[in-house]
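# What the coordinates show
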Amino acid sequence: MASASRQDKNPGLRLLLRSFVFGWAGLAAFAAAAPGQASAAGEQWFLLKIGGTPVGYVREASSVQGAGATAALVSDSTMKMTINRLGSKVAIEVATRSEETADGRLRKIGYDMRASALATKSEAVVKDAEVEVRSEAGGKSYTRTVPYVGILLGPEGVRRLSLEKIRKPGDKIEYQTFSSESETVSKGSQTALAWEDLSFGGRTLRALKVEEILASDGVKTTSWLDEKREVLRQESPTPFGIAEIVLSTREEALRTEGGGSLPEELYTRSIIRTNIRLPRARAIGYLKVRLTAKDASAVWPEFPGPSPKAVGRTAKTIDLEIRRPDAPAPARLPLPASEADKEFLEPNAYIQSDDPTLRAVAAQALAGETDAWQAGLRLERWVAENMSFDLGIALAPSTELFKNRRGTCLGYATLLATLARAVGLPSRVVIGYVYALGMFGGHAWTEVRIAGAWTPLDAAIVAPGVADAARVGLSASSFRDGVGSLISGPAQSVFGRVEIGILEYAGADGLSVIVPENASPYSVEGDVYRNPWLGLRLAKPKGFAFGKLDAVWPDAALVEMTDPDGARAVLQEGYLLPWAKPDEAAAEALARFAGTGKPERVTTKGRVVWRLGQAGKAAAAVLDGPVFWMLTAAGRNAAGILTEMLGGLSFDNPLPARSPEKAR
């Protein structure tokens, strides 16, 4: 039997690449592993690159098992990828096995995925009119069925169809398969674009360039196929640049086993700098933004309503309104049973709400609270106080998240959704963009449904009460169909391929500010930095020069100043947790810069200020409602520099505002 096409032999790779990037404030959409010609040993080896940097490899082997009518093609894949960033290492490994009949029909596909300490396993068995999917994580297994009509092709079936039907540019095939990463039956297509010559190891191979789309992904992948329609090279756009799989040798592929570090400039592509800075972002109650596509590949998703709501669009833009919902009315737990809520209450491989330990912790966190919304807030606080942010945990089931108490924003959202279900609160996880410190970055949060309405909670970026409106949700999922159901589809065409401009916003008072089209984010007039949106001014100390202004994550500096002797002064913006005590929060923040000691608490210009200084370092925290303005100074006269900074800091009157309801 001919070897199978490798265009979808390692479906978990699409999922994994999206997942690790998502945890780092941006999602990458990447197609499946793409092996090339088999070696004498029956192996295929490939380099995996992102933005041109080798980060791992894929190894595949195929064999024919059985004979005659019962013969089956079995393909085994192993993908290993390691990426280093900001001192953290993300290591992802996936082993995939697919089995199909002699005529190319899919029988079975499964994979073991390890993106954290625990592996997540999944196996899909094709039966008459349905696919039985069994998922396992943390010693727990969950089974469900997915109905289908027609024929599901495996990789070999797709290769044969391509070989038969695609002969010249313009030819196209369509097929149906099972997407294991989104655990759905999905339609796929392949369209020939042109014949091109590719060089491999000193050889020139004739390749047919094709465009491939799997509906469950919604992302266009470009592949170069040889005369047998096996993949030689494959690439797909990501927020970090082009992700690529290319034919290689065993020796070259294994040299990438240690992974790679992506250039820092690649990460800036996943961060969307805003035209202005939002004041008191965690209190934003209304936001109007414009998403502008960078290229024609962006496809606007069906936003998980009722907010955001599309209020205008052109060929390249879409205007969205996001409103922070009111807190739900009192409703006693347990909530009345509803068929619509069933999916959002059931446990699955990632949201393991049936785990006895997690259920006990959730009950303990409630401390007897019976109101559904107040229960959600208590669980949000428990996750916020007990989890630590870790870029190295790309994707993990809730039992592991609870055990290790570490994860990205996706981990925070997953654990909160799990605890909510454990006490009878329907929950789902949302991904999209969130505003923070002058930028929109990829993020995940949780929503709970009370009285039929979804209300957002965010344990990673906590707001008082309902999560703020300074976010754009792109996709939502119960995880019933696996994490792929959250990070697949049209939402992927948005990540890394749009700009976001703030058009209008309103704070907790409900009064909105309209942002002019040519608005400047700040101004520098002589010795004074002014930010009208944040409502502050800062005069630089004598002898200092302005340096970095309006940096974005992970740099928190709003204003940086230096003098000829190497002294450095910085103004940063920070937030208080809703339940934090200002004295304790100030002491902790100041100690991280200026060392241990009890801060001096004074009142300056009508605002509470905490000061702490040691030899060569001094810092102050200025309380402005829920915002902490941190001023730090380092140098021989750090205490004197800090005093000048405090004297030069003042707050402007708010910008003219109006009611957003009256404005429309």
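Quick summary incoming for the structure in this document. (Residues numbered from 1 in each chain as written. Predicted model: local features only at pLDDT ≥ 70, side-chain atom pairs only at ≥ 80, totals over all residues. Heavy atoms only, no water.)

## Description of the layout of surface pockets
Here the largest pocket defines a volume of roughly 1,800 Å³. For the largest pocket, the lining is made up of 47 residues, of which Ala460, Gly574, Tyr575, Leu577 and Arg592 are closest to its centre. In terms of residue class, the lining of the largest pocket is built from 31 nonpolar, 7 polar and 9 charged. (1 Å grid on protein atoms, 1.4 Å probe; cavity = no way out; pocket = protein on both sides within 12 Å on 5 of 7 lines; lining within 4 Å. Points joined across faces, edges and corners; volume = space filled by probe spheres on them. Nonpolar A, V, L, I, M, F, W, Y, C, P; charged D, E, K, R; others polar.)

## Observations concerning the sheet that holds strand β17 (residues 286–293)
Strands sit in the order β18-β19-β17-β26-β27 across an open sheet of 5 strands; the sheet is antiparallel. On the outer flanks of this sheet lie β18 (309–313) and β27 (512–514), each paired with one strand and no other. Across the sheet, the mean angle separating the axes of adjacent strands is 30° when strand polarity is ignored. Pairing analysis gives 8 bridges linking β17 to strand β26 (residues 498–506), with the strands arranged antiparallel. Paired with Arg290 across the two strands is Gly501, which belongs to β26. (Pairing = 2+ DSSP bridges. Helix = DSSP H or I, 4+ residues; strand = E, 2+ residues; numbered from the N terminus. Axes fitted to C-alpha atoms, helices over the stretch in contact; angles between N-to-C directions.)

## Quick look at helix α10 (residues 582–594)
The end-to-end C-alpha separation of α10 is 18 Å, in line with the 18 Å expected for 13 residues at 1.5 Å each. Looking at the packing, one finds that the buried side of α10 touches β35 (607–614), β36 (617–624) and β37 (627–634). A positive backbone phi angle near 95° is found at Gly595, which sits one or two residues after α10. (Expected span 1.5 Å × (residues − 1). Contact = heavy atoms within 4.5 Å.)

## Points about the sheet that holds β37
To summarise the sheet geometry, strands pair through backbone hydrogen bonds and adopt either a parallel or an antiparallel arrangement. Strands sit in the order β31-β32-β33-β37-β36-β35-β34 across an open sheet of 7 strands; the sheet is antiparallel. Strands at the two margins of the open sheet, each flanked by one partner only, are β31 (545–549) and β34 (600–604). When the angles between neighbouring strand axes are averaged without regard to direction, this sheet yields 20°. By the bridge criterion, 8 bridges tie strand β33 (residues 568–575) to β37 in an arrangement that is antiparallel. Looking at β37, one finds that Ala569 is bridged to Ala633. Running over the sheet, α10 touches β34, β35, β36 and β37 and is turned about 150° from β36.

## Notes on the pairing of β26
Pairing between β26 and β27: 3 bridges, direction antiparallel. Bridge pairing links Glu504 to Ile514 in β27. Between the antiparallel neighbours β26 and β27 lie 5 residues, among them Gly510 with a positive phi of about 85°.

## Re the packing of helix α5 (residues 356–366) against helix α6 (residues 372–386)
How two helices sit against one another is set out by the angle between their axes and by the gap between those axes. At a minimum axis distance of 9 Å, the contact between α5 and α6 shows a crossing angle of 110°. When the interaxial angle is binned, α5 and α6 end up roughly perpendicular. For the pair α5 and α6, the crossing hand works out as right-handed. Residues Val361, Ala362, Ala365 and Leu366 of α5 pack against Ala375, Arg378, Leu379 and Trp382 of α6. (Parallel < 35°, antiparallel > 145°, perpendicular 65-115°, else oblique. Left-handed = near helix turned anticlockwise from the far one by under 90°.)

## Notes on the packing of aromatic side chains
Throughout the structure, instances matching the rule amount to 7 aromatic pairs. Seen from their ring centres, Trp45 and Tyr57 are 5.6 Å apart, and the 40° between their planes marks the pair as tilted. In this pair, Trp45 is assigned in strand β1 (residues 43–50) and Tyr57 in strand β2 (residues 53–65), connecting sequence segments 12 residues apart. For the pair formed by Trp45 and Tyr57, the shared burial category is buried. (Phe/Tyr/Trp six-rings, centres within 6.5 Å; stacked < 30°, edge-to-face > 60°. Buried < 20%, exposed > 50% of the residue type's maximum accessible area, 1.4 Å probe, protein only.)

## With respect to the nonpolar core
With 65 residues, the main nonpolar core has Leu278, Leu287, Val289, Tyr433, Phe440, Ile502 and Tyr505 as its most contacted residues. Each residue touching Val289, except ones within four places of it in the same chain, is listed here: Ile318, Asp319, Leu320, Ile322, Phe440, Val472, Ile500, Gly501, Ile502 and Leu503. With 31 residues, the next largest nonpolar core counts Leu358, Ala396, Val423 and Leu457 among its residues. (Core = buried A, V, L, I, M, F, W, Y, C linked by side-chain atoms within 4.5 Å.)

## With respect to the environment of Leu106
Mapped onto the elements, Leu106 comes out in strand β5 (residues 106–114). Taking relative accessible area as the criterion, Leu106 reaches 6% and is therefore assigned buried. In this structure the C-alpha to C-alpha distance between Leu106 and Gly154, which are 48 residues apart in sequence, comes to 4.3 Å. Ignoring anything within four residues of it in the chain, the contact list for Leu106 reads Glu99, Glu100, Val126, Leu152, Leu153, Gly154, Thr177 and Phe178.

## Considering the packing of α5 against helix α8 (residues 409–422)
The interhelical angle for the contact between α5 and α8, taken along N-to-C directions, is 80°, at an axis separation of 9 Å. Compared by their axis directions, α5 and α8 come out roughly perpendicular. Mapping the contact onto sequence places Leu358, Arg359 and Ala362 in α5 and Leu415, Thr418, Leu419 and Ala422 in α8. Classifying every residue of the contact of α5 with α8 gives 5 nonpolar, 1 polar and 1 charged.

## A short note on unusual backbone geometry
Between Ser307 and Pro308 the backbone carries a cis peptide bond, its omega angle lying at 15°. Positionally, Pro308 belongs in the loop between β17 and β18. Looking along the chain, the bond that leaves Leu333 and enters Pro334 is cis, with omega of -5°. Structurally, Pro334 is set in the loop between β19 (317–323) and α5. Within the chain, Arg229 stands out as a residue other than glycine whose phi angle is a positive 65°. One can find Arg229 in the loop between β12 (220–225) and β13 (231–238). Classification of Arg229 by relative accessible area gives buried; the value is 5%. The phi dihedral of Ala367 falls on the positive side, at around 50°, and the residue is not glycine.

## Side note on the pairing of strand β24 (residues 453–457)
Counting buried residues in β24 gives 4 out of 5 residues, a clear majority hidden from the surface. Two elements, strand β23 (residues 439–450) and β24, share 5 bridges in a ladder whose sense is antiparallel. When the bridges of β24 are listed, Ile450 appears paired with Ala453. In textbook terms, the turn of a hairpin is the stretch between consecutive antiparallel strands, and for β23 and β24 this stretch comprises 2 residues, one of which, Ala451, has a positive phi near 55°.

## Topic: α5
Among the residues making up α5, those that are buried are Leu358, Val361, Ala362, Ala365 and Leu366. Viewed end-on, α5 has its buried residues packed into an arc of 140°, placing them on one side of the element. What points out from α5, more than 90 degrees from its buried face, is the exposed set Pro356 and Gln364. Contacts made by the buried residues of α5 are with α6, α7 (398–404) and α8. The N-capping residue of α5, defined by a side-chain oxygen 3.1 Å from the backbone nitrogen of Thr357, is Asp355. Of the residues one or two after α5, Ala367 is the one with positive phi, at around 50°. (Arc of directions from axis to C-beta. Polar contact = N/O pair within 3.5 Å; in protein donor to acceptor, adjacent residues only side chain to side chain.)

## Thoughts on the pattern of salt bridges
Tallied over the full model, the rule gives 42 salt bridges. Put simply, Arg233 and Glu244 hold a salt bridge, and the shortest N to O gap is 3.0 Å. Taken as a pair, Arg233 in strand β13 and Glu244 in strand β14 (residues 241–248) lie far apart in primary sequence, 11 residues in all. Judged by relative accessible area, which is 15%, Glu244 ranks as buried. (Salt bridge = Lys/Arg side-chain N within 4 Å of Asp/Glu carboxyl O.)

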